[in-house]
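# Overview (structure and organization)
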Amino acid sequence: MHNLPFFAACAEDGKLNLVSTKTFEVVGEYDHFMKKAWSIHILDRKLAIGYDEGSMVIQIGQETPLFSFTKGKLILCKNSAFFTSNLKAVLTKNLKDFESIKPEQKEIGSTDLFPKDLQHSPNGQYFFVTDGTEYAIHKAQTGKQTTFGNCDGIVWSPQNNLCVMDGNHKVKIVSPSGEEINSLELDFYVEKIFGGDLLGVVGLDFVVFYDYDSLDYMGKVIDQITDIKWPIKQDMLVVGTPDGFYLLEYEGAEEEDEEDEEEESEGTFRVVEEVEDRFTSGLWVDQVFFFLKESSKLCLMSAGGPMTIGSLPYKSSIIGYLKNQNLFYLMDDKGVIFTFAFSHKLIKTIAKANAMIEEENDEGLTKAINSFKSLNSKDYDFLSKILSANSKQALAFKTAKDNQIKFNIALSEKMLTEAQQICEEMDDPMKWKRLGDEALLAGRFIIAKRAFLKGEDLNSLLMLGSSMGDGQLVEYVARKALKFQHFSVSFCAFWILRDLENCHKTLINSKRYY
């Protein structure tokens with residue numbers, strides 16, 4: 001059935017059976033209660049069945065490819081087979097953004113399960129595959145299966161042990177060899193579990209965090225949780241919800257006095273940022289969170305909120321980031337891999353800048369921006385946008401290299417002398433017009449006159465000259481307007497000068513005889 005690890009069959013009993021192509025055992029049986037089934041067809045991963053009382057279309061598996069990535073090694077699951085690629089070996093010279101690549105793939109094994117999740121261990125030596133009811137552990141190098149078991153959910157711990165959801169009220173800590181290390185009985189219904197610095201156990205409308213070693217209670221977040229992303233060894237995390245996500249800071253439990261040993265100690269979670277956009281894929285690089293919106297925009301979390309760094313041409317998932325290549329690797333729904341360049345030095349600078357902005361340390365912020373001298377102009381301009389979003393306009397102006405960005409900042413901060421210098425370099429009539437308007441509002445009439453003259457804004461010059469009693473300026477406007485056949489402006493200027501003869505000539509030239 002279109003390279004899926006099973007084939008489908010239907011009959012007069014009205015049941016749809018999915019049969020494994022390896023073991024020929026029934027791995028799924030469905031009855032849609034529409035009487036006899038007569039026809040069946042597959043297109044991509046959608047299965048259509050025709051019944052006596054109508055038809056049914058169902059989604060088979062998930063639309064996004066199943067993969068795991070760590071330390072440059074990618075494992076991709078195609079149906080029931082595992083393929084590995086070394087993305088460190090990809091030739092990146094002259095590689096353009098969003099250009100597809102075809103890394104060499106090697107098949108390392110397969111599974112009897114219909115995979116729904118695949119994940120490397122933190123040390124990269126193992127990976128698990130699960131269908132939601134069973135799991136199998138494989139060696140990452142050879143694909144050889146080492147152990148298997150039953151589960152309702154499974155994640156890795158930082159200690160390279162497995163956290164297995166056993167039913168809806170118990171979580172077990174299991175070694176990669178299958179030996180049970182510890183277990184946790186829970187008094188609430190467990191919907192799913194998440195790995196990371198702490199074990200996240202999700203209930204109906206909350207998530208409770210536990211320490212992996214002691215299984216002690218560490219804290220709680222109340223909301224409907226869809227995803228949790230932890231960075232490596234950092235007290236920050238992203239918590240996804242149906243409406244968006246939170247950037248939280250975890251403050252660990254304080255050490256207890258001997259008198260309070262019997263009391264339960266817990267950490268607290270402080271909301272750093274709340275974002276109303278949901279993310280479809282996310283990744284921490286150092287201390288900066290990158291994510292994909294549902295609109296296929298690749299963004300990062302800065303201290304001023306989400307910043308878009310690129311718009312992807314396809315619906316995709318983030319595979320990972322390689323620091324030595326300065327590349328994000330992404331995969332679309334059809335399994336095509338492509339890249340997006342983003343400087344690792346810029347990421348480190350953003351991380352430092354975010355920390356300094358959070359601490360309101362302006363001196364440290366300036367040092368953070370200047371800590372990397374080899375950033376290119378594009379990187380400095382991006383940093384300038386982050387600083388502007390955090391009301392650090394003076395530093396943003398100094399940081400920016402692009403005159404357009406510097407000009408916009410200068411106008412917003414009434415830095416009119418600096419804006420005039422930029423206009424002299426760019427010599428754009430529209431920018432001269434904007435500068436003149438801002439200078440006029442600020443009472444900087446000399447700059448306004450210069451800007452309107454350079455931009456040939458005759459209407460504004462007429463208003464300025466007549467208001468200031470500058471006859472020479474009004475006459476200049478009159479002659480210039482007559483030359484450009486702006487007869488209304490020319491007539492008004494001559495009228496202000498009481499030059500009735502030229503007023504008469506202007507009316508004749510404009511052919512207004514009535």
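Residues numbered from 1 in each chain as written. Predicted model: local features only at pLDDT ≥ 70, side-chain atom pairs only at ≥ 80, totals over all residues. Heavy atoms only, no water.

So, about the overall build of the protein. From N to C terminus, the protein includes twelve helices and 34 strands. Since a compact globule built from 514 residues should have a radius of gyration of about 24 Å, the 33 Å found for the protein marks it as more spread out than a globular shape. By principal-axis analysis of the C-alpha atoms, the protein measures approximately 105 × 75 × 45 Å. Taking all 514 residues of the protein together, the buried fraction comes to 46%. Sequence-distant contacts in the protein: of pairs separated by 6 or more residues, those separated by 24 or more amount to 39%. Within the protein, the 77 negative side-chain charges are centred at a point lying 15 Å from the centre of the 56 positive side-chain charges. (Helix = DSSP H or I, 4+ residues; strand = E, 2+ residues; numbered from the N terminus. Rg over C-alpha atoms; globule rule 2.2 N^0.38 Å. Buried < 20%, exposed > 50% of the residue type's maximum accessible area, 1.4 Å probe, protein only. Contact = heavy atoms within 4.5 Å. Lys, Arg positive; Asp, Glu negative; His and termini not counted. Charge placed at Lys NZ, Arg CZ, Asp CG, Glu CD.)

Turning our eyes to something else, we now look at the sheet that holds strand β19 (residues 180–185). Read from one edge to the other, the open sheet built from four strands follows the order β16-β17-β18-β19, with strand pairing classed as antiparallel. One side of each edge strand has no neighbouring strand; the edge strands of this open sheet are β16 (153–156) and β19. The average angle at which neighbouring strand axes cross in this sheet is 20°, direction not considered. Sheet topology note: the β16/strand β17 (residues 162–165) ladder contains four bridges and is antiparallel. Bridge assignment links W156 to a residue of β17, and that residue is L162. (Pairing = 2+ DSSP bridges. Axes fitted to C-alpha atoms, helices over the stretch in contact; angles between N-to-C directions.)

Burial analysis of strand β28 (residues 279–285) places five of its seven residues in the buried class, which makes it a mostly covered element. Sheet topology places β28 next to strand β29 (residues 288–293); six bridges connect them, and they run antiparallel. When the sheet's bridge partners are listed, L283 is paired in β29 with F290.

Turning next to the environment of D211. The topology assignment puts D211 in the loop between β22 (206–210) and β23 (217–222). Along the chain, D211 and S316 lie 105 residues apart, while their C-alpha atoms are 33 Å from each other. Separated by 3.0 Å, the side chain of D211 and the backbone nitrogen of D213 make a polar contact. (Polar contact = N/O pair within 3.5 Å; in protein donor to acceptor, adjacent residues only side chain to side chain.)

Turning next to the side chain of D470. The residue D470 is located in the loop between α9 (458–468) and α10 (471–483) in this model. Looking at D470, its side chain comes within polar contact range of the main-chain nitrogen of Q472, at 3.3 Å. Beyond its immediate stretch of four places on either side in the chain, D470 contacts K449 and G465.

Here we take up the sheet that holds strand β20 (residues 192–194). Across the sheet, which stays open at both edges, the four strands sit in the order β20-β21-β22-β23 with antiparallel pairing between neighbours. With one partner strand each, in any of the chains shown, β20 and β23 form the two edges of the open sheet. Within this sheet the neighbouring strands show an average axis-to-axis angle of 20°, counted without direction. As defined by bridge partners, β22 adjoins β23 across five bridges and the pair is classed as antiparallel.

Below, the discussion takes up the packing of helix α6 (residues 416–426) against helix α7 (residues 429–442). Where α6 meets α7, the closest approach of the two axes is 10 Å, and the angle between their N-to-C directions is 160°. Taken together, the axis directions place α6 and α7 in an arrangement best described as roughly antiparallel. In the crossing of α6 with α7, the sense of the turn from one axis to the other is left-handed. Between α6 and α7, the residues in contact are L416, A419, Q420, C423, E424 and M426 and K431, W432, L435, E438, A439 and A442, respectively. Taken together, the residues that form the contact of α6 with α7 break down as eight nonpolar, one polar and three charged. (Parallel < 35°, antiparallel > 145°, perpendicular 65-115°, else oblique. Left-handed = near helix turned anticlockwise from the far one by under 90°. Nonpolar A, V, L, I, M, F, W, Y, C, P; charged D, E, K, R; others polar.)

Before going further, it helps to examine α9. Among the residues of α9, those classed as buried are L458, S460, L461, L462, L464 and G465. Contact partners of the buried residues in α9: α7, α8 (445–455), α10 and α11 (487–496).

What follows covers helix α3 (residues 377–389). The first and last C-alpha atoms of α3 sit 19 Å apart over 13 residues, in line with the 18 Å expected at 1.5 Å per residue. Along α3, the residues that are buried comprise D379, Y380, D381, F382, L383, S384, I386 and L387. Among the structural elements, β30 (297–302), β31 (305–311), α1 (344–359), α2 (362–369), α4 (393–399) and α5 (403–412) are those in contact with the buried residues of α3. Its side-chain oxygen 3.1 Å from the backbone nitrogen of K378, N376 forms the N-cap of α3. At the exit of α3 stands S391, carrying a positive phi of roughly 60°. (Expected span 1.5 Å × (residues − 1).)

Before going further, it helps to examine the packing of α1 against α2. Helices that pack against each other are described as a pair by the angle of their axes relative to one another and the distance between those axes. Taken N-terminus to C-terminus, the directions of α1 and α2 make an angle of 175°; their axes are 8 Å apart at the nearest point. Our classification of the angle between α1 and α2 gives roughly antiparallel. Where α1 abuts α2, its residues T349, K352, A353, M356 and I357 lie against G364, L365, A368 and I369. Grouping the amino acids of the contact of α1 with α2 by side-chain chemistry returns six nonpolar, two polar and one charged.

Among the nonpolar cores identified, the biggest contains 66 residues, and F290, L300, F328, F342, I350, F382 and L435 are the most heavily contacted of them. Broken down by element, this core gets its largest block of residues, seven residues, from α1. (Core = buried A, V, L, I, M, F, W, Y, C linked by side-chain atoms within 4.5 Å.)

A separate point is the packing of aromatic side chains. Applying the stated criterion across every chain yields a total of 21 aromatic pairs. Taken together, a centroid distance of 6.0 Å and an interplanar angle of 85° make the contact between F209 and W230 edge-to-face. Of the two residues, F209 sits in strand β22 while W230 sits in the loop between β24 (227–229) and β25 (236–241), which places them 21 residues apart along the sequence. Judged by its relative accessible area of 0%, F209 falls in the buried class. Between F289 and F291 the ring centres are 5.8 Å apart and the planes differ by 15°, which places this aromatic pair in the stacked class. Per residue, the accessibility class of F289 equals that of F291, and both read buried. Members of the aromatic cluster, joined through ring pairs, are F245, F279, W284, F289 and F291. (Phe/Tyr/Trp six-rings, centres within 6.5 Å; stacked < 30°, edge-to-face > 60°.)

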